[in-house]
Amino acid sequence: MDLIERLQWRYATKKMDPTKKVPKEKVERILEAVRLAPTSSGLQPFEVIVVTNAQLREKIQAIANGQTQIGDGSHLLVFAAWDDYTAARINAVFDHTNAERGGKNEGWEAYRQMLLARYPQRGAEVNFQHAARQAYIGLGVALVAAAFEEVDSTPMEGFDADALDALLNLRARGLRSVAIMPLGYRDAANDWLVALKKVRRPHEEFISWVE
């Protein structure tokens, strides 16, 4: 299948088969796609926590309105954004880039100074919300990558973020959970959504051209 066919194939899976596990190599490719996702200024201000422990996923399911995909899927991806943009975090990204590229670039260093002058002063909540939007870019890439790998997934916001942060000790790491995404394989015989036609707004209502 090509990409569009696979996006037609994917849907927000409501029932996953707990007997089927996603191969590690597929999960790794999905995660690598997320790592390669674009983010504002290339800062990658979020992390992905992969939860496979069944007991822990059961606890997460309990604080996520009992959504069974969390327990029935084989992997749960947790997208957690930075709680703030600090000078240390910004500098770490720029220093790593310089090390990888083997030297400094005048324009890149000027960009560093611009970010240092703006981001830390905006306040933690403004910065977290900005970082969370970058995490959603990663979530979108993960959904597409999973479809490409013919792995089922479901994007979720319906969970107690404070409780999840506590379960995973995220606040101590300077992170706050934003979204979660189970990976697995559909239980087609028991999923009410699987046979329904995929419906989106008509092309002419959704897309406009300015020429």
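In this text the structure is predicted, and so the values were computed from the model without any measurement.

Some remarks on the pattern of salt bridges
At step 1: As enumerated under the stated definition, the model contains 12 salt bridges in all.
At step 2: Among the salt bridges present, the one from R29 reaches E149, with a minimum N-O distance of 2.7 Å. With R29 in helix α2 (residues 24-35) and E149 in the loop between α7 (124-148) and β3 (152-153), this residue pair connects regions lying 120 residues apart in the sequence.
At step 3: Note on E149: relative accessible area 10%, which makes it buried.
At step 4: D162 is the partner of R171 in a salt bridge, and the nearest nitrogen-oxygen pair spans 2.9 Å.
At step 5: Since its relative accessible area comes to 54%, D162 is described here as exposed.
At step 6: One network of salt bridges, in which partners are shared, links K26, R29 and E149.

Observations regarding the environment of N190
At step 1: Within the secondary structure layout, N190 lies in the loop between β4 (175-184) and α9 (203-206).
At step 2: Considering only alpha carbons, one finds N190 and D17, 173 residues apart in sequence, at a separation of 9.2 Å.

Things to note about the pairing of β4
At step 1: With nine of 10 residues buried, β4 lies mostly within the body of the structure.
At step 2: One ladder, built from eight bridges, connects strand β2 (residues 75-82) with β4; its direction is antiparallel. Across the sheet, W82 pairs through a bridge with L175, a residue of β4.
At step 3: Both β3 and β4 contribute to a ladder of two bridges, which runs antiparallel. Residue S153 lies in a different strand from β4, and its bridge partner there is L183.

Comments concerning the environment of Q55
At step 1: For Q55, the position within the fold is in helix α3 (residues 54-62).
At step 2: Considering only alpha carbons, one finds Q55 and P38, 17 residues apart in sequence, at a separation of 33 Å.

The rules behind the values
- Residue positions are given per chain, counting from 1 as you read along its sequence in written order.
- Under the rules for a predicted model, residues below a pLDDT of 70 receive no local features and side-chain atom pairs below 80 are neither given nor counted, while totals for whole chains, interfaces and linings still include all residues.
- Each side-chain value is worked out from all heavy atoms of the structure, with water and hydrogens disregarded.
- By convention in these notes, a salt bridge is any Lys or Arg side-chain nitrogen within 4 Å of a carboxyl oxygen on Asp or Glu.
- Under the DSSP-based scheme used, a helix requires at least four consecutive residues in state H or I and a strand at least two consecutive residues in state E, with every element numbered from the N terminus.
- The rule is simple: take the accessible area with a 1.4 Å probe, protein chains only, and divide by the maximum for that residue type; under 20% is buried, over 50% is exposed, in between is partly exposed.
- For two strands to count as paired, DSSP must find a minimum of two bridges between them.

Don't take any of this as a statement about function, it's just geometry.
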